[in-house]
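Structural overview for review
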2 protein chains.
Amino acid sequence: MEPFRVHILGCGSALPTMKHLPTTQIVECRGKLFMVDCGEGAQLQMRKSSLSFTKLGHVFISHLHGDHCFGLIGMISTFGLLGRTATLNIYAPEALNEMLSKQISFFCRDLGYEVKFHAVDTYKNQIIYEDRSLTVETIPLQHRLPCCGFLFREKPTLPHIKRDMIDCYQIPVSQINNIKNGQDYMLPDGSVIPNERLVTPADPTRAYAYCSDTKYMPDLHKLLKGVTTLYHESTYGTDNLTMAEKYNHSTAQQAAMVARDAKVKQLLLGHYSSRYTDEHVLLNEARKIFKNTRLTNEMDIIDV
Amino acid sequence: MEPFRVHILGCGSALPTMKHLPTTQIVECRGKLFMVDCGEGAQLQMRKSSLSFTKLGHVFISHLHGDHCFGLIGMISTFGLLGRTATLNIYAPEALNEMLSKQISFFCRDLGYEVKFHAVDTYKNQIIYEDRSLTVETIPLQHRLPCCGFLFREKPTLPHIKRDMIDCYQIPVSQINNIKNGQDYMLPDGSVIPNERLVTPADPTRAYAYCSDTKYMPDLHKLLKGVTTLYHESTYGTDNLTMAEKYNHSTAQQAAMVARDAKVKQLLLGHYSSRYTDEHVLLNEARKIFKNTRLTNEMDIIDV
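Summarised in this report is the structure supplied together with it. Predicted model, so just to flag it, every value in this text is computed and none were measured. (Residues numbered from 1 in each chain as written. Chains lettered and ligands numbered in written order. Predicted model: local features only at pLDDT ≥ 70, side-chain atom pairs only at ≥ 80, totals over all residues.)

Some thoughts on the interface of chain B and chain A
This is how the line gets drawn: Working definition of a contact: two residues with C-beta atoms, positioned from the backbone, lying within 7 Å. Where helices and strands are cited, they refer to DSSP runs of H or I of at least four residues and of E of at least two residues respectively, numbered from the N terminus. Polar here means any residue outside two lists: the nonpolar Ala, Val, Leu, Ile, Met, Phe, Trp, Tyr, Cys and Pro, and the charged Asp, Glu, Lys and Arg; Gly therefore counts as polar.
Contact residues are listed per partner, giving 21 residues for chain B and 21 residues for chain A. When contributions to the side of chain B that touches chain A are tallied by element, the ones reaching two or more residues are helix H1 (42-48), helix H2 (72-81) and helix H3 (95-107) of chain B. Element by element, the count of residues in the side of chain B that touches chain A is highest for H2(B), at five residues. Residue composition of the side of chain B that touches chain A, by class: 11 nonpolar, six polar and four charged.

Below is the structure:
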């Protein structure tokens, strides 16, 4: 299977601590990198992860709290210093456009590439990016200000051709694409090998949903159909349910309820409040509801 | 002697690398902390150094290149989240005022403390801050945009009273301050002990000058009288003298020439171009001209 992974560059909440940086993730899909949120220090975390700056063309910002976007201007500036020429696309709530433009014209006067802003309507569930490998959808979330998650959905791939059948029937290379696309194969004697004998099914498609920051949304799972890996914020444990409600955040247990209802394969926790010195409290609470849950940590690389 | 130290939080140049963060220093003098420049990641570096956020009341920004101020908004935001109430004073070129105000009103709406902006005239050599322990002067530098260094000058302390003299003449505590301030002491029998027998001289005053970023200024030493420790940028080695001249930076050798001419006690190098994987090249070049030179590195604590 082609790589479809999430690189965790930061998984803390608003207060950076000795353990966690603010939220930044890189979604890697078939050779392209997509950044989700961009906390202070994101550019340095990319370097530490040996992730290529040039493979990053699209940055998705969930909402305009500083811990999710203070890293943007430094990264944009660095890309300029490194001589980038390719457009960098930023998808974010409209209000960032003016602020970011001002910062860029103030601090990065001779930027040698375009920073293209795409205003995101955080209240709609719609596809905002598409290429031949995947689509990215917005997932409306409920936080203290407009906020949405992002769903990276891999497009279906073609079936795999069986190597032994190629050898057996001496099928020429020119026919392989046709067969992958469903054609039968006719032998020189006129007999036909049906397509299903020549191929094994395509890999199942995978999908990654990033949901941060949000209060618990009992119906969120309806937007997460087909998601294999779900990242759902878990700022608090049940000991701080009142805090979670007050600040429109979720508990680990609530994250697990979403994962369970969405029938995902695995749940990733993050956006931990700095009050938790050991996040296993959160993990244990979540696992009681959804077993295949794991904590994220900086530098983790997780298959979707 | 009371502590007077520099904490190096970042000593790289514009491109953050695996080795160096952009420029940030903390000057610690008699219990107070002063920040000089504030690169991305400064707040986290302070945490790593166990430097108290509450002891920091004044931030000095040398110029408005991003690698010297991108850390400000994140730090200001974090101080707000931590419930700071004390004013934070920012001394910087006027142009930052509007940009920073916009960022603060956008990202830190309910900030519980005042961020007070003090516009700095980078072209003048003048005292811009004073308390009972020290003064801070601007040092005009020559860079691609308005830029100044900062000179932290400790105020003279009082002489030390000799403990054995107190015991010998049974001098009451009430008289000690008078004696420290120069008075003689009269014994009950009317005989007078001259002041110079009762005290040893005050500690020599120390001064720290921070000079970054600048092209080589042959007359800079004239503004550095009495400086004991000089930090002077050394972006390049002599192999890149042309680059230094083109971008208004200095070589390590030029930094050493300033240190030699200013007759300082020690020279600190920093703001290394990312092209130098081993900065000892820079150190060796500087030492040929000024022996007591040292490289700075993140987390170094250096006595002034």
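Overview of unusual backbone geometry
Here the bond from Ser212(A) into Asp213(A) is cis, since omega is -5 degrees, no more than 30 degrees from zero. The residue Arg30(A) is not glycine, and still its phi comes out positive at about 45 degrees. Structurally, Arg30(A) can be placed in the loop between strand E2 (24-29) and strand E3 (32-38). Even without being glycine, His271(B) reaches a positive phi, approximately 60 degrees. With respect to the helices and strands, the residue His271(B) is situated in the loop between strand E16 (266-270) and helix H9 (280-287).

Some words on the environment of Lys155(B)
Residues and elements named next belong to chain B. If you trace the backbone, lysine 155 turns up in the loop between strand E9 (148-154) and strand E10 (160-161). Between the C-alpha atoms of lysine 155 and aspartate 167, which are 12 residues apart in sequence, the distance is 29 Å. Apart from the residues within four sequence positions on either side, lysine 155 is in contact with Arg132, Ser133, Leu134 and Thr205.

Describing the environment of Glu114(B)
Residues and elements named next belong to chain B. The following threshold applies: Backbone-placed C-beta atoms define the burial measure: a residue is buried with 20 or more other C-beta atoms within 10 Å of its own, exposed with 12 or fewer, and partly exposed in between.
With respect to the helices, strands and loops of the structure, glutamate 114 is situated in the loop between H3 and strand E6 (115-119). Residue classification places glutamate 114 among the exposed residues on the basis of 12 C-beta atoms within 10 Å. Along the backbone, glutamate 114 and threonine 87 are 27 residues apart, and their C-alpha atoms lie at a distance of 4.7 Å.

Quick word on the packing of helix H8 (residues 252-262) of chain A against helix H9 (residues 280-287) of chain A
All names here are of chain A. Selection criterion: Only the contacting stretch of a helix is used when fitting its axis, a line to C-alpha atoms as for every element, and angles between N-to-C directions run 0 to 180 degrees. Handedness of a crossing is defined here by the sense of rotation of the near helix relative to the far one, left-handed for an anticlockwise turn of less than a right angle and right-handed for a clockwise turn.
Running from amino to carboxyl end, H8 crosses H9 at an angle of 35 degrees, the nearest separation of the two axes being 8 Å. For H8 against H9, the interelement crossing comes out right-handed. Residues Ala252, Gln253, Ala255 and Ala256 of H8 touch H9, and the partners they reach there are Leu282, Leu283, Glu285 and Ala286. In terms of residue class, the contact of H8 with H9 is made up of six nonpolar, one polar and one charged.

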